[in-house]
Amino acid sequence: SLIDLAGSERGADNEATDKVTQMEGRQINTSLLALKEVIRAKELGRSHAPFRQSRLTQVLEESLTGKRCQTVVIGCISPDEKDIQQTINT
């Protein structure tokens, strides 16, 4: 599976956008939080990982737990000072 989670979903970046776009940003952030919790559970060796927290984690469950799974995370960072907060958040 290849999942592209790129984009800027920070509220500060979305202030000038419409309500629908802001709602989509909140939903993306909720899914990313759920993904973080699943990854944390797997990393800590917990017997339960909360895959049911979001549709994203449900879709990725086989990719994250399958016998032949390999996971690669690619982060886009910037050396520009104006992008420092987003780079840190990545």
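These numbers come from a predicted model, not from an experiment. (Residues numbered from 1 in each chain as written. Predicted model: local features only at pLDDT ≥ 70, side-chain atom pairs only at ≥ 80, totals over all residues. Heavy atoms only, no water.)

Draft legend 1. Region of interest: the confidence of the model for the chain. Per-residue pLDDT for the chain averages 82, and the proportion of residues at 70 or more is 82%. Across the chain, the secondary-structure element scoring lowest on mean pLDDT is helix α3 (residues 84-89), at 84, and the one scoring highest is helix α2 (residues 55-65), at 88. (pLDDT = per-residue confidence, 0-100. Helix = DSSP H or I, 4+ residues; strand = E, 2+ residues; numbered from the N terminus.)

Draft legend 2. Local environment of helix α1 (residues 19-43). Between its first and last C-alpha, α1 extends 36 Å over 25 residues, near the 36 Å set by a 1.5 Å rise per residue. Every buried residue belonging to α1 is among G25, S31, A34, L35, V38 and A41, and all of these are buried. Tucked into the core, α1 has its buried residues touching α2. Just past α1, the residue G45 takes up positive phi, approximately 75°. (Expected span 1.5 Å × (residues − 1). Buried < 20%, exposed > 50% of the residue type's maximum accessible area, 1.4 Å probe, protein only. Contact = heavy atoms within 4.5 Å.)

Draft legend 3. Main features of the side chain of S31. By the secondary structure assignment, S31 is in helix α1. Residue S31 is classed as buried on the basis of its relative accessible area of 17%. Setting aside its immediate chain neighbours within four residues, S31 contacts S54 and L56.

Draft legend 4. Broad picture of the pattern of salt bridges. Under the criterion given, the structure shown has 3 salt bridges. The partner of E37 in a salt bridge is R40, and the shortest N-O contact between them spans 3.2 Å. One end of the pair, E37, and the other, R40, are both in helix α1, 3 residues apart, so they sit about a helical turn from each other. On the accessibility criterion, R40 (37% relative accessible area) is partly exposed. Between K82 and D83 there is a salt bridge, with the nearest N and O atoms lying 3.3 Å from each other. The class for K82 is exposed, based on a relative accessible area of 68%. Among the charged side chains, a network of salt bridges with common partners joins K36, E37 and R40. (Salt bridge = Lys/Arg side-chain N within 4 Å of Asp/Glu carboxyl O.)

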